[in-house]
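# Analysis of the macromolecular model
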Amino acid sequence: SPWRWGLLPLSPVLPERGGRLFFSTSCARCSKNRRLRQKRVISERKLTRYFVDHRKVRVVGGQGGGGGHSFYSEPRKIFGGPDGGNGGDGGNVILKADQQVKSLSSVLPFYQGFHGERGGRKNCYGANGACLYVKVPVGTLVKEDGKVVADLTQHGEEYVAAYGGAGGKGNRFFLSNENRAPTFFTPGEPGQERVLHLELKTTAHAGLVGFPNVGKSSLLRAISRARPAVAAYPFTTLNPHVGIVQYQDYEQVAVADIPGLIKGAHQNRGLGMSFLRHIERCRFLLYVVDLSVPQPWIQLEDLKYELEQYQKGLSERPCVVIGNKIDLAESRINLPLLKEQIGDRVIALSALKGDNLEELFLHLRELYDTYVKTEQSRGQSPVKW
Ligand code: GDP
């Protein structure tokens, strides 16, 4: 056989075996690895864990560079005088709001600014330390000792979290008529050190407010591409999810699913107030009630009470009531009763079956347009996603 004599075939295709052509691969294990690997599918539960809405960060500004210490000297100028330059300033640590960042998960627990360089000979100044930018999502609240020190609500907004230390002075700086050969210089100052608490308040346009199991996550899935977990037990969704509703004229309305609201949430029951803060920034609210439960208007009253207890005036934001689960028989009986009780418009729909979602889309757009108009009339730019 040609194999025995070390003759390799020119083509990598080996002779036909069992009616199939085999390509030459060195061993079975390699051929296995050569197949294109698919990305591992992450379960929804794991995905939601990446959303982080608060972080404690220690920030330290860069240390200033020390002053230089040297004397100039050359053959015909032996006592050329002091020529140690000043050190460079340490770099600041700056928090910068970025639209691309959606959670605080990429923020590390500790940041150290860049140090300034030492002053050199021949009056060379040390370079300043560069600024260290930490990207945070738009809507980040910076707190120190419980007090709000910054609120980054616009894309590109910056906050200096820690100033770098000033650079030291070189011995040239101390040259005077009294002292023609100063030998002293100062070291650089240490950077500012602070411990900050970052808190994220989602800045969606609309917030889905409702008790557990009314179908908020199902609704967000139905109207957008967001994929919050759906199951028939309370607290399935553990993080606020933001879904984007896209309209044909390329306008986008961000809708947030705010989980964990139960009776007594303002007293920190259940998941408590940790999620109520996400409602604060929503421009309008979508109250979701389960129509299949008897007396659904009680849900609405309780929801408004919880919001009002958390922050005064929160329940008076522009809103619309959504009656979910209209596909169930009990809901059809409860719907007219609910309308009668609240005397307001109720958008009855089924998130599961997708019934009557168009009415919600249209009303959402109306609310969004009014929001944009009022912001523009005030001379402010509306939040866009
Ligand atoms: P959430 O806790 O408010 O986010 O509620 P989920 O979206 O997790 O839904 C809770 C349960 O209600 C799930 O078992 C859903 O299948 C069910 N559900 C949601 N929407 C509808 C609906 O329109 N009709 C019916 N029949 N069931 C629904």
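The structure this text deals with has already been given above.
Source: prediction; values computed, not measured.

## Some points on helix H7 (residues 357-377)
- Helix length check: H7, at 21 residues, gives a terminal C-alpha distance of 30 Å against a target of 30 Å (1.5 Å per residue), a fit within 8%.
- When we look at burial in H7, the residues that qualify are Leu357, Leu360, His363, Leu364, Arg365, Leu367, Tyr368, Tyr371, Val372 and Glu375.
- Looking one or two residues beyond H7, the residue adopting positive phi is Gly379, at roughly 80 degrees.

## Here we look at the sheet that holds strand S4 (residues 93-98)
- Spatially, the three strands line up as an open sheet ordered S6-S4-S9, and their pairing is mixed. At either end of the open sheet lies a strand with only one pairing partner, and these are strand S6 (132-137) and strand S9 (158-162). The mean inter-strand angle of the sheet, taken between neighbouring strand axes irrespective of direction, is 30 degrees.
- Pairing geometry for S4 and S6, over six bridges, is parallel. For Val93, the partnering residue across the bridge sits in S6 and is Leu132.

## With respect to the pairing of strand S7 (residues 140-144)
- Here S7 runs beside strand S8 (residues 147-152); their pairing, made up of five bridges, is antiparallel. Bridge pairing in S8 places Lys143 opposite Val148.
- Connecting S7 to the antiparallel partner S8 that follows it, the hairpin turn spans two residues, and Asp145 within it adopts a positive phi of roughly 50 degrees.
- Here four bridges tie S7 to strand S10 (residues 193-200), and the two strands are oriented antiparallel to one another. Pairing of Leu141 across the sheet is with Glu199, part of S10.

## Here's the deal with the pairing of S4
- Among the six residues that make up S4, five are buried, leaving the element largely enclosed by the rest of the structure.
- For S4 and S9, the ladder comprises four bridges, and the chain directions are antiparallel. The residue of S9 that forms the bridge with Leu95 is Tyr159.

## Concerning the site of the ligand
- Lining the immediate surroundings of the ligand are 18 residues, of which Asn213, Lys216, Ser217, Ser218 and Asp327 lie closest.
- At a separation of 2.8 Å, an oxygen atom of the ligand approaches a polar backbone atom of Asn213.
- A distance of 3.2 Å is found between an oxygen atom of the ligand and a side-chain nitrogen or oxygen belonging to Asn324.
- When the ligand is considered free in solution it has 580 Å² of accessible area, and contact with the protein chains removes 87% of it.

## Quick notes on the environment of Gly354
- Summarising the element assignment, Gly354 is placed in the loop between strand S16 (346-348) and H7.
- With 27 residues separating them in the primary sequence, Gly354 and Asp327 have C-alpha atoms 9.6 Å apart.

## Some thoughts on the side chain of Asn334
- Mapped onto the secondary structure, Asn334 falls in helix H6 (residues 329-342).
- You can call Asn334 buried: its relative accessible area is 9%.
- Within polar-contact distance, the side chain of Asn334 engages the backbone oxygen of Leu291 at 2.6 Å.
- Beyond its immediate chain neighbours, meaning those up to four positions away, Asn334 contacts Leu291, Ser292, Val293, Pro294 and Pro296.

## Details of the nonpolar core
- In this structure, Leu219, Val255, Leu286, Leu307 and Leu364 are the most contacted members of the largest nonpolar core, which totals 53 residues.
- In this structure Val255 touches Ala204, Ala206, Leu208, Leu220, Ile223, His241, Val242, Gly243, Val245, Leu286 and Leu364, once residues within four positions along its chain are discounted.
- Of all hydrophobic cores here, the second largest spans 22 residues; its members include Val57, Leu152, Tyr159 and Leu198.

## Re the packing of aromatic side chains
- The tally for this structure, following the rule as stated, stands at three aromatic pairs.
- Pairing Phe173 with Phe174 gives two aromatic rings, centres 5.2 Å apart and planes at 85 degrees, and the pair type is edge-to-face.
- Between Tyr368 and Tyr371 the ring centres are 6.5 Å apart and the planes differ by 50 degrees, which places this aromatic pair in the tilted class. One end of the pair, Tyr368, and the other, Tyr371, are both in helix H7, three residues apart, so they sit about a helical turn from each other.

What counts as what
Residues numbered from 1 in each chain as written. Predicted model: local features only at pLDDT ≥ 70, side-chain atom pairs only at ≥ 80, totals over all residues. Heavy atoms only, no water. Helix = DSSP H or I, 4+ residues; strand = E, 2+ residues; numbered from the N terminus. Expected span 1.5 Å × (residues − 1). Buried < 20%, exposed > 50% of the residue type's maximum accessible area, 1.4 Å probe, protein only. Pairing = 2+ DSSP bridges. Axes fitted to C-alpha atoms, helices over the stretch in contact; angles between N-to-C directions. Near = heavy atom within 4 Å. Polar contact = N/O pair within 3.5 Å; in protein donor to acceptor, adjacent residues only side chain to side chain. Areas by Shrake-Rupley, 256 points an atom, 1.4 Å probe, with all protein chains shown as cover. Contact = heavy atoms within 4.5 Å. Core = buried A, V, L, I, M, F, W, Y, C linked by side-chain atoms within 4.5 Å. Phe/Tyr/Trp six-rings, centres within 6.5 Å; stacked < 30°, edge-to-face > 60°.

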